[in-house]
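Fold and contact review
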Amino acid sequence: ASATHASRFSMLCGDGTVATITLDDNGQPVDRQVSAPLFDADKDAWFHHAEQVGDRFWFVSFKGVLHELNLGGAKAELKSSRNLVNAADAKAGWRPGGYQPFAVDPQARWAVVGMHPKGAEGSHKSPAAKLWVVDLASGKRTAVLPGVMALSLNFSGNGQRLHALDADKGAFHSWAWDAGKIKKLVYLPGAGEAASQI
């Protein structure tokens, strides 16, 4: 949903476009606009999970491309696409994976992406071997953190904590977050029998 237009929402479509619907005061559609194709679902699909700060939305692809969209207007606008995986990473098969495979802090300064090596078709739900910290302004990876078998990641509302769900132990991790550095605060060994999202 758009942060600046309460009656506007967007959705990913299977053909790689993003459709944006604007409603009137009675909840009836008055405008529907579709973007140009932004991805090829057969070559490099996007995870359905998105991170939002205002009208800025981020999506990550199965092969590790981070895309930023502006979804505030009547038509979705692609702002940037950054490949998180360099040639050496690609050779080792590093790819994102999980159910909430990445998180963006509330100030839109950092993205943390759960990555696994030896990725291939169908590995997009694999838990993280490492967490890559990306500076959103430059697109550069600034740190690599332990992956803790994370399936899902998010930041606290104030951005001072990073959380992860551990696929191996069903555990919940919470760290103090400081510009890419973490310090363990909370470890709950049994967050839930089938916890998959935070």
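Residues numbered from 1 in each chain as written. Predicted model: local features only at pLDDT ≥ 70, side-chain atom pairs only at ≥ 80, totals over all residues. Heavy atoms only, no water.

1. Comments concerning the overall build of the protein
Put simply, the rule reads: Segments assigned H or I by DSSP are reported as helices when at least four residues long, segments assigned E as strands when at least two residues long, and all are numbered from the N terminus. The reference for a compact globule is 2.2 Å times residues^0.38; the radius of gyration itself is calculated from the C-alpha atoms. Here's how the labels work: a residue is buried when its accessible area is under 20% of the maximum for its type, exposed when over 50%, partly exposed in between, all with a 1.4 Å probe on protein chains only. Contact criterion: two residues are considered in contact whenever any of their non-hydrogen atoms come within 4.5 Å of each other.
If you tally the helices and strands in the protein, you get two helices and 16 strands. Against the globule reference of 16 Å for 198 residues, the protein gives a C-alpha radius of gyration of 17 Å, in line with a compact fold. Overall, the protein is about 50 × 35 × 35 Å in size when its C-alpha atoms are taken along their principal axes. A total of 198 residues make up the protein; the buried ones form 45% of that total. For the protein, long-range pairs separated by at least 24 residues make up 40% of all intrachain contacts whose partners lie at least 6 apart in sequence.

2. As for the pairing of strand β1 (residues 8-12)
This is how it is decided: Any two strands between which DSSP finds at least two bridges are classified as paired.
Sheet topology note: the β1/strand β2 (residues 18-23) ladder contains five bridges and is antiparallel. Bridging across to β2, R8 finds its partner in T22. Where β1 hands over to β2, the hairpin turn is made up of five residues, of which G16 adopts a positive phi near 90 degrees.

3. A word on the nonpolar core
Selection criterion: As used here, the term nonpolar core means buried Ala, Val, Leu, Ile, Met, Phe, Trp, Tyr and Cys residues forming a set that is joined through side-chain atoms within 4.5 Å.
Ranked by size, the top nonpolar core spans 16 residues in total, and within it W58, L66 and F102 carry the most contacts. Looking at this core, the elements that each hand over two or more residues are β5 (56-60), β9 (102-104), β10 (110-116) and β11 (130-135). Per element, the largest residue contribution to this core is three residues, and it comes from β10. What L66 contacts, discounting residues up to four positions off in sequence, is W58, F59, V60, S80, S81, R82, L84, F102, A111 and L136.

4. Observations concerning the environment of E68
For the record, the criterion: We define a polar contact as two N or O atoms separated by no more than 3.5 Å, with the added condition that, inside protein, one atom must be a possible hydrogen donor and the other a possible acceptor, whereas residues neighbouring each other in sequence contribute only through side-chain atom pairs.
Its place among the elements puts E68 in strand β6 (residues 65-70). Along the chain, E68 and S152 lie 84 residues apart, while their C-alpha atoms are 20 Å from each other. Ignoring anything within four residues of it in the chain, the contact list for E68 reads R56, F57, W58, E77, L78, K79 and S80. Separated by 2.7 Å, the side chains of E68 and R56 make a polar contact.

5. Things to note about the pattern of salt bridges
For the record, the criterion: For salt bridges, the criterion is a side-chain nitrogen of Lys or Arg within 4 Å of an Asp or Glu carboxyl oxygen.
Summed over all chains, the structure comprises five salt bridges. The residue D89 makes a salt bridge to R141 at a minimum N-O spacing of 2.4 Å. Pair noted here: D89 is in helix α2 (residues 87-91) and R141 is in strand β12 (residues 141-146), with a separation of 52 residues, a long-range link. On the basis of relative accessible area, D89 is assigned to the buried category, the value being 9%. Among the salt bridges present, the one from R109 reaches D135, with a minimum N-O distance of 2.7 Å. Placement of R109 in the loop between β9 and β10 and of D135 in strand β11 is noted, with a sequence separation of 26 residues between them. For R109, a relative accessible area of 38% gives the class partly exposed. On the basis of relative accessibility, which here comes to 10%, the residue D135 falls in the buried class.

6. Let's talk about the side chain of D55
Short version of the rule: For the charge count, each Lys or Arg is scored as positive and each Asp or Glu as negative, with His and the chain ends excluded.
Position of D55 relative to the elements: it lies in the loop between β4 (51-53) and β5. Of the buried charged residues, D55 lacks a salt bridge, with R8 as the closest side chain of opposite charge at 7.2 Å. Among the polar contacts listed, one links the side chain of D55 to the backbone nitrogen of A3, at a separation of 2.7 Å. A distance of 2.4 Å separates a polar atom in the side chain of D55 from a polar atom in the side chain of T4.

7. With respect to the pairing of strand β3 (residues 29-34)
Burial of β3 is sparse: only zero of the six residues sit out of reach of the surface. Pairing of β2 with β3 involves five bridges; the strand directions are antiparallel. From the neighbouring strand, A19 faces β3, where its bridge partner is V34. The turn linking β2 back onto β3 is made up of five residues, and G27 within it adopts a positive phi angle of 80 degrees.

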